[in-house]
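The residues making up each chain are set out below.
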Amino acid sequence: MGRSYSVYDVFTDRKLAGNPLAVIFDGDDLSDDAMQAIAKEMSLSETVFVQPSGNPAYTARIRIFTPGRELPFAGHPTVGTAIALAEQAHGGSSIDLVSVLEENVGPVRCAVRLREGEASFAEFDLPRKSQQITMPLDKLGIANALSLKMTEIGFENHVPSLWSAGVPYLMVPVHDVGAAQHMEFDPQLWEETVPFVDGALASAYIYCRGGVNHVAKFHARMFASGMGIVEDPATGSAAAALSGTIHYFDRLTDGHHGMTIEQGVEMGRPSFIHLHMDVEGGTISNARIGGQAVRIASGTLDL
């Protein structure tokens, strides 16, 4: 049977930038093995399979696969799928709407903005708040795995730490954008150095203040060899984890904090992830991830 699909570039307002995502709209009768095989065939950071939800209040159930394994939650698939389903339902209309996507992590509430002639925008509430995972870390081993000097690891009071908002990341602060750009990731050394969290190797998220683009407050790179991803041009689940990291080290004051994270610059696929945090009583009461997406291809899988 034919299965319709679209490919979207996510966290960008122009084609051939951002992070590409495949959305398979007819995924309800596929086995886990079949979905994994299709994701490997697509060879993108993630492929989403849209299925009907058992809850009529939800827009759809979605399964998210990297080329290597299934994820309980991911940011650019959430943004891209929310936009893809909204555009499929409402065509070229200008409309604001709310949808709920049922993911393995739980229901994820998304706000979607469609505007005729513009790249669509979606923003979702984090299904889980970012939490720190306390485990011993080998700073020298981390530096070696990234081909960096020890003096290039960390800035201000930021030091390497483990965080997760559904997917674990080892957050590695580096001195500046220059250090982030000239680092080289060694997957073998990383696997020998970094701990496993809940049976999964923590992925590498390298970040620093500032960016190549003047609107960026943080510059980032992400490597996830355990997921079959060499380098990812935009990672919403990592930005979700970063929310806790920023609050922990920067001690954000009560109120609203909005920032843009750039990623994918070194890959020639610049991406812009919008992170918003509301802090009350010294803790994050709510956090949201958002971005734009543009459709670049549509077709049919002969499966």
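Here, the structure is the one placed above.
Residues numbered from 1 in each chain as written. Predicted model: local features only at pLDDT ≥ 70, side-chain atom pairs only at ≥ 80, totals over all residues. Heavy atoms only, no water.

## Remarks on helix α2 (residues 75-90)
With 16 residues, α2 ought to run about 22 Å at 1.5 Å a step, and its terminal C-alpha atoms sit 23 Å apart, in line with that. Of all 16 residues in α2, 13 are buried, a share of seventy percent or more. Just past α2, the residue Gly91 takes up positive phi, approximately 55°. (Helix = DSSP H or I, 4+ residues; strand = E, 2+ residues; numbered from the N terminus. Expected span 1.5 Å × (residues − 1). Buried < 20%, exposed > 50% of the residue type's maximum accessible area, 1.4 Å probe, protein only.)

## Focus: the nonpolar core
In this structure, Tyr205, Tyr207, Ile261 and Ile289 are the most contacted members of the largest nonpolar core, which totals 63 residues. With seven residues, the single largest contributor to this core is helix α6 (residues 236-250). Contacts of Tyr205, omitting those with residues within four sequence positions, involve Tyr169, Leu170, Met171, Val172, Ala220, Arg221, Met222, Ala238, Ala239, Leu242, Ile261 and Gln263. With 24 residues, the next largest nonpolar core counts Ala143, Leu162, Val177 and Ala180 among its residues. (Core = buried A, V, L, I, M, F, W, Y, C linked by side-chain atoms within 4.5 Å. Contact = heavy atoms within 4.5 Å.)

## Topic: the pattern of salt bridges
Counted by the stated rule, this structure contains twelve salt bridges. Across the salt bridge formed by Asp29 and Arg3, the nearest N and O atoms sit 2.8 Å from each other. With Asp29 in the loop between β2 (19-24) and α1 (32-42) and Arg3 in strand β1 (residues 2-10), the pair connects residues that are 26 residues apart, well separated along the chain. On the basis of relative accessible area, Arg3 is assigned to the buried category, the value being 5%. Between Arg63 and Glu70 there is a salt bridge, and its shortest N-O distance comes to 2.5 Å. Residue Glu70 is classed as partly exposed on the basis of its relative accessible area of 23%. Each member of the salt-bridge network shares a partner with another, and the members are Asp32, Arg63 and Glu70. (Salt bridge = Lys/Arg side-chain N within 4 Å of Asp/Glu carboxyl O.)

## A short note on the side chain of Glu231
Relative to the assigned elements, Glu231 resides in strand β16 (residues 229-232). A relative accessible area of 15% places Glu231 in the buried class. Within the structure, Glu231 has its side chain in polar contact with the side chain of Arg221 (distance 2.9 Å). (Polar contact = N/O pair within 3.5 Å; in protein donor to acceptor, adjacent residues only side chain to side chain.)

## Quick notes on the environment of Val23
Position of Val23 relative to the elements: it lies in strand β2. For Val23 and Glu103, which are 80 residues apart along the polypeptide, the C-alpha to C-alpha distance reads 14 Å. Sequence-distant contacts of Val23, defined by excluding residues within four places in its chain, comprise Ser4, Tyr5, Ser6, Val48, Val50, Thr81 and Ala84.

## Here's the deal with the packing of aromatic side chains
Scanning the entire structure with this criterion turns up nine aromatic pairs. Each ring, one from Phe73 and one from Phe124, has its centre 5.8 Å from the other, and the planes form 75°; the classification is edge-to-face. Linking Phe73 in the loop between β5 (70-71) and α2 with Phe124 in strand β8 (residues 120-125), this pair joins segments that are 51 residues apart in sequence. The class of Phe73 is buried, set by a relative accessible area of 0%. Through a chain of ring-to-ring contacts, the aromatic side chains of Phe155, Tyr207 and Phe218 assemble into a single cluster. (Phe/Tyr/Trp six-rings, centres within 6.5 Å; stacked < 30°, edge-to-face > 60°.)

So far we have only geometry, and geometry alone does not tell us how the molecule works.
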